[in-house]
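Take a look at the letters that make up each chain.
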Amino acid sequence: MDKQDIANIRKQFKVDNDLLTIHDIFNVYIMKESSDIYHHQNMPFDMLEEEQQELFLDNFKKVLSGQQDEKLFELKFQRDAENKSQLILHQGLLSNDTEEWKGHMLQLVEKLLKDKQYEMDVVVTFIRGEYKKPMKNMSDEAGESERDTVYSHPFILCSMNKTQDPKKELLFDYVEKTFKYNIVVDPIINLKAPISGFLFPSITDNAADVNHVLYSAGKKNEPDYHFIEDVLNAEEVMTAAQDKLVFEEIVKNVAGDQPINTSTLSNVYDEIHRVTEESEAEERPTLDYKDVEQVLTTSGIEDVNTEKVESAFKTVIDDESYAFKATNIVPKYDSKSIKIETKIANIAISPQDLRYVRQVHFGGKHYLMMEVEENTVIEGFEMIPEALVQKAPEDEE
């Protein structure tokens, strides 16, 4: 799924939307002390009050929010897993029997609880429904409405949420004219920040892909590997942060003792950005070792060759065939995504402006120098340019 596919389904989660039908909602309450199922309940989604529907729909949208490879990960199911979650989910998707559907979802919950202790009570929510997307390029001559012909996508979505203790509050009773301590023992289910979840099947180019599942992490670049591997039975994933770190280590390995200045680093980012802009592929462009060799050579790093790059891939990641997602290894190009942190100041600039920054050594000290087109204004005061190098005084005769 690309970001457009994800956005298309996320925006459907709203009340009274004829393009989205949610058949069942199944909630499972899990106790932290015993990791046992305390209670579960299934009901038609339409039977919920509208306010409850809105709370859950907002929660489901949050499950599908975030950047790919940071919070959202399209995962491929393992082929040789026992008691495959892929099969369980597919059977649950096709089942017309409520008890059978509940049984399949409880199988997933059992896998969720195996060898896992949670720090708080959690609620796992499953829904199954159908999302419809109008076909594009409808014929005006035929007088067809946009919604006369649609793509239909049955799906299962899971949201996992933690509970929290209710707040202790002091209330004033207007009738009895007295202050009362508000005693509430029921835990609050925090639907504003799901800690995990997934969408099955993956939907790409209006086609369902039952070999992939879209996993949602609770925090950026912090996927739950127990959930991915043991619950979903999916293959291990690399986060955007890990991708970037591995790429940086490979560049350092290839460059060796060569200094990587800001100009060279800027060239690297520019070249990778050019690759992403020129790519005609519908999927996000990737870079293998040959592409990395081309990028580093073009960027001005000396003595780069295929053997050295292959060796760097094997040393750093132990996989010469690994391919980086280009968007993962370049900071967001049109925003101030590069952070320069020093003892006295923190600076944020965009990758395309990195070439205007230099670190220089002068008078036994390090300086950060930035090229600007106008005088700098600090607290309303315009700074007067100072000469970096002053002329030495002439010797007196």
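Residues numbered from 1 in each chain as written. Predicted model: local features only at pLDDT ≥ 70, side-chain atom pairs only at ≥ 80, totals over all residues. Heavy atoms only, no water.

Colleague: Please give an account of the overall build of the protein that cites residues and values.
Modeller: Looking only at helices and strands, the protein features 10 helices and 20 strands. For the protein, whose C-alpha radius of gyration is 28 Å, the value lies well above the compact-globule estimate of 21 Å for 397 residues. Going through the 397 residues of the protein one by one, you find that 38% of them count as buried. Summed over all atoms, the accessible surface of the protein reaches about 24800 Å², with 47% contributed by carbon and sulfur. Considering the protein, the positive charge centre built from 44 side chains and the negative charge centre built from 78 side chains are found 4 Å apart. (Helix = DSSP H or I, 4+ residues; strand = E, 2+ residues; numbered from the N terminus. Rg over C-alpha atoms; globule rule 2.2 N^0.38 Å. Buried < 20%, exposed > 50% of the residue type's maximum accessible area, 1.4 Å probe, protein only. Areas by Shrake-Rupley, 256 points an atom, 1.4 Å probe, with all protein chains shown as cover. Lys, Arg positive; Asp, Glu negative; His and termini not counted. Charge placed at Lys NZ, Arg CZ, Asp CG, Glu CD.)

Colleague: Got a sec to walk through the environment of C158? Specific residues and values, please.
Modeller: Relative to the assigned elements, C158 resides in strand β5 (residues 150–164). Under the relative-accessibility criterion, C158 is labelled buried at 2%. Between the C-alpha atom of C158 and that of F198, which follows or precedes it by 40 residues, the distance is 5.3 Å. The residues touching C158, leaving out its near neighbours within four places in the chain, are V63, V124, T125, F126, S196, G197 and F198. (Contact = heavy atoms within 4.5 Å.)

Colleague: I'd love a proper account of the nonpolar core, names of residues and values included.
Modeller: L75, F126 and F198 are the most contacted members of the largest nonpolar core, which totals 34 residues. Discounting residues that sit within four places of it in the chain, F126 has contacts with D24, I25, F26, W101, M105, L108, V109, L157, C158 and F198. Counting 30 residues, the second-largest nonpolar core is a separate cluster that includes F247, L287, V292 and V357. (Core = buried A, V, L, I, M, F, W, Y, C linked by side-chain atoms within 4.5 Å.)

Colleague: Can you tell me about a nonpolar patch on the surface, naming the residues and giving the values?
Modeller: Among the surface-exposed residues, L170, F172, Y174, V175, F179 and Y181 lie close enough to one another that they form a single nonpolar patch of about 810 Å² accessible area. Elements with a contribution of two residues or more to the nonpolar patch: β6 (169–173) and β7 (178–182). (Patch = residues over 30% accessible without salt bridge, like charges linked within 9 Å, V, L, I, M, F, W, Y side chains within 5 Å. Salt bridge = Lys/Arg side-chain N within 4 Å of Asp/Glu carboxyl O.)

Colleague: Outline helix α3 (residues 85–94), supporting the account with residue identities and numerical values.
Modeller: Three or more residues of α3 are buried, namely S85, Q86, I88, L89, G92 and L93. Viewed along the axis of α3, the buried residues span an arc of 165°, placing them on a single side of the element. In this structure, the buried residues of α3 make contact with α4 (98–113), β4 (122–134), β5, β9 (196–200) and α5 (225–231). (Arc of directions from axis to C-beta.)

Colleague: Tell me what's going on with a negative patch on the surface, and back it up with residues and numbers.
Modeller: A contiguous patch of negative charge, built from D16, E49, E50, E51 and E54, is present on the exposed surface. Mapped onto the elements, E49 comes out in the loop between β2 (37–44) and α2 (50–63). A relative accessible area of 53% means that E49 is categorised as exposed.

Colleague: Requested: an account of the packing of helix α6 (residues 240–255) against helix α9 (residues 306–316), with residues and values cited.
Modeller: It is at 9 Å that the axes of α6 and α9 come closest, and there the two elements cross at 135°. Between α6 and α9, the angle falls in the class oblique. Seen along the crossing, α6 lies across α9 with a hand that is right-handed. Within the contact between the two elements, α6 uses V246, E249, I250, N253 and V254 and α9 uses K308, V309, A312, F313, T315 and V316. Residue classes in the contact of α6 with α9 are distributed as 7 nonpolar, 2 polar and 2 charged. (Axes fitted to C-alpha atoms, helices over the stretch in contact; angles between N-to-C directions. Parallel < 35°, antiparallel > 145°, perpendicular 65-115°, else oblique. Left-handed = near helix turned anticlockwise from the far one by under 90°. Nonpolar A, V, L, I, M, F, W, Y, C, P; charged D, E, K, R; others polar.)

Colleague: Can you lay out the pattern of salt bridges for me, pointing to particular residues and giving the numbers?
Modeller: In the structure shown here, the tally under the stated rule is 12 salt bridges. Here R128 and D24 are joined by a salt bridge, their closest N and O atoms 2.8 Å apart. Of this pair, R128 sits in strand β4 while D24 is found in strand β1 (residues 20–30), placing the two residues 104 residues apart along the sequence. Note on accessibility: R128 and D24 belong to one class, buried. Residue E271 is joined to R274 by a salt bridge in which the shortest nitrogen-to-oxygen separation is 2.4 Å. Here R274 and E271 lie together in helix α7 (residues 262–278), a separation of 3 residues that amounts to about one turn. For E271, a relative accessible area of 11% puts it in the buried group. Take R274: its relative accessible area is 33%, and that puts it in the partly exposed class.

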